[in-house]
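Letter by letter, the chains look like this.
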Amino acid sequence: MKKVLILGSGSIAKKHQTIMTQFGYEIFLYSEKNRYKKFLNKKFIKYITNKKELLKIAKIERFSFAIIANETFKHLKTINFCVDNNINIFCEKPINSLKFDYLKLRKRLEKKKLFFMCNYQLQNLDCILRIKKILKKEKVVSFNMSVGHTIKKWRKDNIRTQSYYVNKKKGGGVIFELIHEINLLKFIFGNFIKINTYSEKINKKFNCEDIAVSIIKTKKNILGTLYQDMVSPIFFRKLSVVCLKNYYELDLINNIIISNKSKKIKFKKISQLNLIKKNLSKFINLTKKKITYKFFDESVEDFKITLKMHNEIF
């Protein structure tokens, strides 16, 4: 039986555990906090409860790959652990440590011939794949991406002032947390040459911004805007695209495209679990092919953009 190591024990780690069980993998789960243990199927899981045990098992077991699903600010340290132990990496989010030598890490991945991929699950949405295909035949003028949802519903845990997702120094805040939208816009419209961002802290208890508005220019000379918040009472995730001849609106939550020609393309609504499942399948197939570091480079570029949005120098 193939083996996978899951590092983390929150709700996302639980989703990964469900999927990997369906895929027929033997699961080793490491949790510093030992959370969610009672909710997981003990029949398919071997629990690792301390670092000493983790190091011992990493030396003995041959894992197909590791899933990094712990707190964001621990990702760089966890990635280095996987590289040290020759384990392929599927990471929930890009590395966003302010002290991060990406060239050194890339060389280490190359030397060990390890695969690396981030879980950019929104790329698998049918409406996104279709609009990308449609826009190849269009002259795109501008776009507007918007996403918002109150952090109180977004995160089910008790929110504390030191919770990592509301602490900029720990990789929190609306810009770092909603990096998926940055990646998605690049995926559809190409790389950015400029981005200017205005951000505010609405909830004064948080140690981060919770609303941000960005103006973007791509290498294809397409202008666009990106709106992100962690305060909206309703959840929305939308994209509008203006072309010379047509206009398109996408509802990413309901997987729908509407055009100015009164055409409505409605795809089957897909859950987050199934989107992650698609990405894990993609990663597993990737590890059977010629090694590539384009996914690592992609995640580094996304991180650099978030630093520009924070007016940080990389």
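My aim in this report is to walk through the structure given alongside it, one point at a time. (Residues numbered from 1 in each chain as written. Predicted model: local features only at pLDDT ≥ 70, side-chain atom pairs only at ≥ 80, totals over all residues. Heavy atoms only, no water.)

1. What about empty space enclosed by the protein?
Part 1 of the argument: The tally for this structure, following the rule as stated, stands at 2 cavities of 30 Å³ or more.
Part 2 of the argument: Contributing to the lining of the largest cavity are M117, C118, Y120, Q123, N279, K282, F295 and E298.
Part 3 of the argument: For the lining of the largest cavity, the secondary-structure elements that each account for two or more residues are β6 (116–118), α9 (272–286) and α10 (294–309).
Part 4 of the argument: Tallied by class, the residues present in the lining of the largest cavity amount to 4 nonpolar, 2 polar and 2 charged.
Part 5 of the argument: The calculated volume of the second largest cavity comes to roughly 30 Å³.
Part 6 of the argument: What lines the second largest cavity is K93, P94, I95, N96, F176 and I179.
Part 7 of the argument: For the lining of the second largest cavity, the residue count by class is 4 nonpolar, 1 polar and 1 charged. (1 Å grid on protein atoms, 1.4 Å probe; cavity = no way out; pocket = protein on both sides within 12 Å on 5 of 7 lines; lining within 4 Å. Points joined across faces, edges and corners; volume = space filled by probe spheres on them. Helix = DSSP H or I, 4+ residues; strand = E, 2+ residues; numbered from the N terminus. Nonpolar A, V, L, I, M, F, W, Y, C, P; charged D, E, K, R; others polar.)

2. Topic: the sheet that holds strand β9 (residues 211–218)
Part 1 of the argument: The 8 strands lie next to each other as β8-β9-β10-β7-β11-β12-β13-β14, forming an open sheet whose pairing is mixed. Only two strands of the sheet have a single neighbouring strand rather than two, namely β8 (192–200) and β14 (264–266). Taking each pair of neighbouring strands and ignoring which way they run, the sheet shows an average axis angle of 10°.
Part 2 of the argument: Bridge count for strand β7 (residues 140–148) against strand β11 (residues 236–243) is 8 bridges, and the pairing is antiparallel. In the sheet register, V147 faces β11, and the bridge partner there is R237. (Pairing = 2+ DSSP bridges. Axes fitted to C-alpha atoms, helices over the stretch in contact; angles between N-to-C directions.)

3. Concerning the layout of surface pockets
Part 1 of the argument: Of the pockets and cavities examined, the second largest pocket occupies roughly 260 Å³.
Part 2 of the argument: Every residue lining the second largest pocket is counted, 15 residues in all, and those nearest its centre are R62, F63, S64, F65 and N88.
Part 3 of the argument: Taken together, the residues that form the lining of the second largest pocket break down as 6 nonpolar, 5 polar and 4 charged.

4. Observations concerning the nonpolar core
One recurring pattern in soluble globular proteins is that nonpolar side chains are buried together.
Part 1 of the argument: Counting residues in hydrophobic clusters, the biggest one holds 77 residues, and the most contacted among them are L5, F189 and L239.
Part 2 of the argument: If we ignore the near neighbours within four places in the chain, the residues touching L239 are F143, N144, M145, L185, I188, F189, Y248, E249, L250 and L252.
Part 3 of the argument: I6, Y47, M117 and L286 belong to the second largest nonpolar core, which has 22 residues in total. (Core = buried A, V, L, I, M, F, W, Y, C linked by side-chain atoms within 4.5 Å. Buried < 20%, exposed > 50% of the residue type's maximum accessible area, 1.4 Å probe, protein only. Contact = heavy atoms within 4.5 Å.)

5. Side note on the pattern of salt bridges
Between side chains of opposite charge, a pair can form when the charged atoms approach closely.
Part 1 of the argument: Applying the stated criterion across every chain, the model contains 9 salt bridges.
Part 2 of the argument: K74 is paired through a salt bridge with E71; the nearest N and O atoms lie 3.5 Å apart. Residue K74 shares its accessibility class with E71, and that shared class is buried.
Part 3 of the argument: K186 is the partner of D302 in a salt bridge, and the nearest nitrogen-oxygen pair spans 2.6 Å. Taken together, the residues D302 in helix α10 and K186 in helix α8 (residues 179–189) connect sequence positions 116 residues apart.
Part 4 of the argument: Look at D302 and you get buried, because its relative accessible area is 0%. (Salt bridge = Lys/Arg side-chain N within 4 Å of Asp/Glu carboxyl O.)

6. Some words on the side chain of T72
Part 1 of the argument: As for its placement among the helices and strands, T72 is situated in the loop between β4 (65–68) and α3 (75–84).
Part 2 of the argument: Residue T72 is classed as buried on the basis of its relative accessible area, which comes to 5%.
Part 3 of the argument: Excluding residues within four positions of it along the chain, T72 makes contact with N96, Y164, K170, G171 and E177.

7. Re the sheet that holds β6
Part 1 of the argument: Pairing is parallel in the open sheet, where 6 strands are placed in the order β3-β2-β1-β4-β5-β6. The open sheet is flanked by β3 (45–48) and β6, the only strands paired with a single partner. This sheet shows a mean twist of 20° between the axes of neighbouring strands, independent of strand direction.
Part 2 of the argument: Here 4 bridges tie strand β2 (residues 26–30) to β3, and the two strands are oriented parallel to one another. If you follow L29 over to β3, its bridge partner there is Y47.

8. Some points on a nonpolar patch on the surface
Part 1 of the argument: A cluster of nonpolar side chains, namely V141, V242 and L244, defines an oily patch on the protein surface of about 250 Å² accessible area.
Part 2 of the argument: Residue placement: V141 occurs in strand β7.
Part 3 of the argument: Classification of V141 by relative accessible area gives partly exposed; the value is 38%. (Patch = residues over 30% accessible without salt bridge, like charges linked within 9 Å, V, L, I, M, F, W, Y side chains within 5 Å. Areas by Shrake-Rupley, 256 points an atom, 1.4 Å probe, with all protein chains shown as cover.)

9. A word on helix α1 (residues 11–22)
Part 1 of the argument: Its 12 residues give α1 an end-to-end C-alpha distance of 17 Å, which sits within 8% of 16 Å, the value for a rise of 1.5 Å per residue.
Part 2 of the argument: Burial in α1 covers these residues: A13, H16, Q17, I19 and M20.
Part 3 of the argument: The secondary structure elements touched by the buried residues of α1 are β1 (3–7), β2, β3, β4, β5 (89–91) and α9.
Part 4 of the argument: Of the residues one or two after α1, G24 is the one with positive phi, at around 85°. (Expected span 1.5 Å × (residues − 1).)

10. Brief notes about the pairing of β1
Part 1 of the argument: With respect to burial, β1 is a largely interior element, 4 of its 5 residues being buried.
Part 2 of the argument: Relative to β2, β1 runs parallel, the two being bridged by 5 bridges. What sits directly across from I6, in β2, is L29.
Part 3 of the argument: In the classification by handedness, the crossover that spans β1, the intervening α1 and the parallel β2 is right-handed.
Part 4 of the argument: Where β1 lies against β4, 4 bridges are found, and the strand directions are parallel. Bridging from a neighbouring strand, L5 pairs with A66 of β4. (Right-handed = clockwise from strand over helix to strand, strands pointing away.)

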